[in-house]
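Overview (structure and organization)
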Amino acid sequence: MSGAPGPLVQVRGLTLCAGTRVLQRALSFDIHPAEVLVIMGGSGCGKSTLLRHLVGLQVPAAGRICHRGVDLHRASADALVQLRRGFGVMFQAGALWSSMTVGENVMLPMEMFTSMSPRQRAERAQSHLADVGLADAFELDPAALSGGMRKRAAIARALALDPPLLFLDEPSAGLDPPTSAQLDALLLSLRERQGTSIVLVTHELDSIFAVADRALFLDSQTRTMLPPDAPQALRDHGPAVVRDFLRGRVGARPSPAPAAPDAARGAAP
Ligand SMILES: Nc1ncnc2c1ncn2[C@@H]1O[C@H](COP(=O)(O)OP(=O)(O)OP(=O)(O)O)[C@@H](O)[C@H]1O
Ligand SMILES: [Mg+2]
């Protein structure tokens, strides 16, 4: 068959470590164009660590991650810059630069990566802030925002360049239910309007069912993933551990017992 777009990202045989401890191994999956892929699992199973690997901030202990066929950890510096231009990332801490206003934070990627004029940057930033419900925050210092507002400003910054691929780590944690639902709607509209692929780490069951095309469960007991599938299918027909998770029977919080300190035995070097 010709014409079908291939995966944006291919992950093959990935091992995630924290220090010498293996968190997850044998992770293999694709991220497709215009899909919302949720990464889920109990606290401490390695979701944020996986995200850091997917954006190239951590080097895999084993395995590889290819973006549009380019191996992220073997790419030239120039190729990496090109690849990174195509990502928007919001980390779990959602840190903003405290020395800049909210608007300046959102404009920063445009300054770094585009030749847009100051006026164009300001207009684009204002529009992204409005999208996340922060139309009036442009001139504010980050310190003047609530935790949930800071998070939304960090999402606006991740959207700054209208990236084809967006990575969001717990974007709705700390948001009230209506704001969280608004964020879900924004993500779906990005996917519809711009064909954005979104990798979303979340514990929120409502969000998972509202936005995920597929969900990937990282099992902290077996230390590997379950094959991604539609959340409804996993809830109704998946293995017990993910059925329970998606039915809210197993708390995503508090965390399951951490892996034993000797878990790294047999780990990749
Ligand atoms: N830089 C590091 N050095 C040592 N251990 C780390 C490091 N980063 C993460 N870890 C450990 O790796 C494990 C997984 O962390 P990670 O943040 O990926 O989990 P998570 O699934 O995102 O959890 P949560 O749902 O609480 O955000 C945790 O036990 C954590 O303490
Ligand atoms: Mg995390």
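Residues numbered from 1 in each chain as written. Chains lettered and ligands numbered in written order. Predicted model: local features only at pLDDT ≥ 70, side-chain atom pairs only at ≥ 80, totals over all residues.

1. Section: the sheet that holds strand E2 (residues 21–31)
Put simply, the rule is: What makes two strands pair is DSSP finding at least two bridges between them. Only runs of H or I of at least four residues qualify as helices and only runs of E of at least two qualify as strands under DSSP, and these elements are numbered from the N terminus. Contact between residues is assigned whenever the C-beta positions, reconstructed from backbone atoms, fall within 7 Å. Axis definition: a line fitted to C-alpha atoms, over the contacting stretch in the case of helices. Angles run 0 to 180 degrees between N-to-C directions.
Reading across from one edge, E2-E1-E4-E5 is the order of the four strands in this open sheet, with antiparallel pairing throughout. Edge positions in the sheet fall to E2 and strand E5 (70–71), since each has one partner strand and no second. Pairing analysis gives two bridges linking strand E4 (residues 62–67) to E5, with the strands arranged antiparallel. Across the sheet, the residue bridging to Cys66 is Asp71, located in E5. Across the face of the sheet, helix H1 (residues 47–54) comes into contact with strand E1 (9–18), E2 and E4 while running at roughly 125 degrees to E1.

2. Notes on the packing of helix H3 (residues 102–113) against helix H4 (residues 118–131)
Counted only if it meets this: Each angle gets one of four labels, with under 35 degrees taken as roughly parallel, over 145 as roughly antiparallel, 65 to 115 as roughly perpendicular, and the rest as oblique. Throughout, a crossing is termed right-handed when the near helix is turned clockwise from the far one, and left-handed when it is turned anticlockwise from it by less than a right angle. Classes in brief: Ala, Val, Leu, Ile, Met, Phe, Trp, Tyr, Cys and Pro nonpolar; Asp, Glu, Lys and Arg charged; the others, Gly included, polar.
Packing of H3 against H4 brings their axes to within 9 Å, and their N-to-C directions diverge by 120 degrees. Taken together, the axes of H3 and H4 lie oblique to each other. Remark: the crossing between H3 and H4 carries right-handed chirality. In this structure, H3 uses Val102, Gly103, Val106, Met107, Met110 and Glu111 to contact H4, whose residues at the interface are Arg121, Ala122, Arg124, Ala125, His128 and Leu129. Partitioned by chemical class, the residues of the contact of H3 with H4 number seven nonpolar, two polar and three charged.

3. Details of the site of ligand 1
The cut-off we apply is this: Here, nearness is defined through the C-beta atom: a residue counts as near a molecule or strand if that backbone-placed atom lies within 6 Å of it.
Every one of the twelve residues lining ligand 1 counts as a neighbour, but Ala18, Ser43, Lys47, Ser48 and Thr49 are closest to it. Among the elements that line the shell around ligand 1, the one with the most residues is H1, at three residues. The residue makeup of the shell around ligand 1, split by class, is four nonpolar, seven polar and one charged.

4. Re the sheet that holds strand E10 (residues 224–229)
Within the open sheet, the six strands sit side by side as E6-E7-E8-E3-E9-E10. Their pairing is mixed. Whereas interior strands pair on both sides, the edge strands pair on one side only; in this sheet they are strand E6 (87–90) and E10. Each strand of the sheet is rotated relative to its neighbour by a mean of 15 degrees, with strand direction disregarded. Examined bridge by bridge, strand E3 (residues 36–40) and strand E8 (residues 197–201) share four bridges and lie parallel to one another. Within E8, the residue paired with Leu37 across the bridge is Val199.

5. A word on unusual backbone geometry
Operational definition: To sort residues by exposure, count the other C-beta atoms lying within 10 Å of each residue's C-beta; 20 or more gives buried, 12 or fewer gives exposed, and values between give partly exposed, all with C-beta atoms placed from the backbone.
Phi at Arg68 is positive, roughly 45 degrees, even though this residue is not glycine. Here Arg68 shows up in the loop between E4 and E5. Overall, the presence of 15 C-beta atoms within 10 Å leaves Arg68 in the partly exposed class. You will see that Asp162, though not glycine, has its phi angle at about 50 degrees, which is positive. Within the element layout of this structure, Asp162 appears in the loop between helix H5 (147–158) and strand E7 (165–169).

6. Re the nonpolar core
Stated precisely, the cut-off is as follows: The term nonpolar core means buried Ala, Val, Leu, Ile, Met, Phe, Trp, Tyr and Cys residues held together as one set by C-beta atoms within 7 Å.
Val38, Ile39, Ala153 and Leu168 are the most contacted members of the largest nonpolar core, which totals 65 residues. If you tally residues by element for this core, the top one is H5, at six residues. The residues contacting Ala153, other than those within four sequence positions of it, are Leu96, Val102, Asn105, Val106, Leu134, Ala137, Pro142 and Leu145.

7. Overview of the environment of Arg214
With respect to the secondary-structure elements, Arg214 resides in strand E9 (residues 214–219). Distance in space between the C-alpha atoms of Arg214 and Lys47 is 15 Å, their sequence separation being 167 residues. Setting aside anything within four residues of it in sequence, one finds Arg214 in contact with Glu35, Leu37, Pro228, Asp229 and Ala230.

8. Re the environment of Leu216
Locating Leu216 in the fold gives a position in strand E9. Since 24 C-beta atoms lie within 10 Å of it, Leu216 is described here as buried. For Leu216 and Gln194, which are 22 residues apart along the polypeptide, the C-alpha to C-alpha distance reads 23 Å. Apart from the residues within four sequence positions on either side, Leu216 is in contact with Phe29, Leu37, Val38, Ile39, Met225 and Pro228.

9. Some thoughts on the pairing of E4
Within a regular beta strand, the side chains point alternately toward one face of the sheet and then the other, so they alternate between its two faces. In the sheet, E1 pairs with E4 via five bridges, with the strands oriented antiparallel. Residue pairing in the sheet places Gln10 in a bridge with Cys66 of E4. The turn joining E4 and E5, which pair antiparallel and follow one another in sequence, is formed by two residues; a positive phi near 45 degrees is taken by Arg68.

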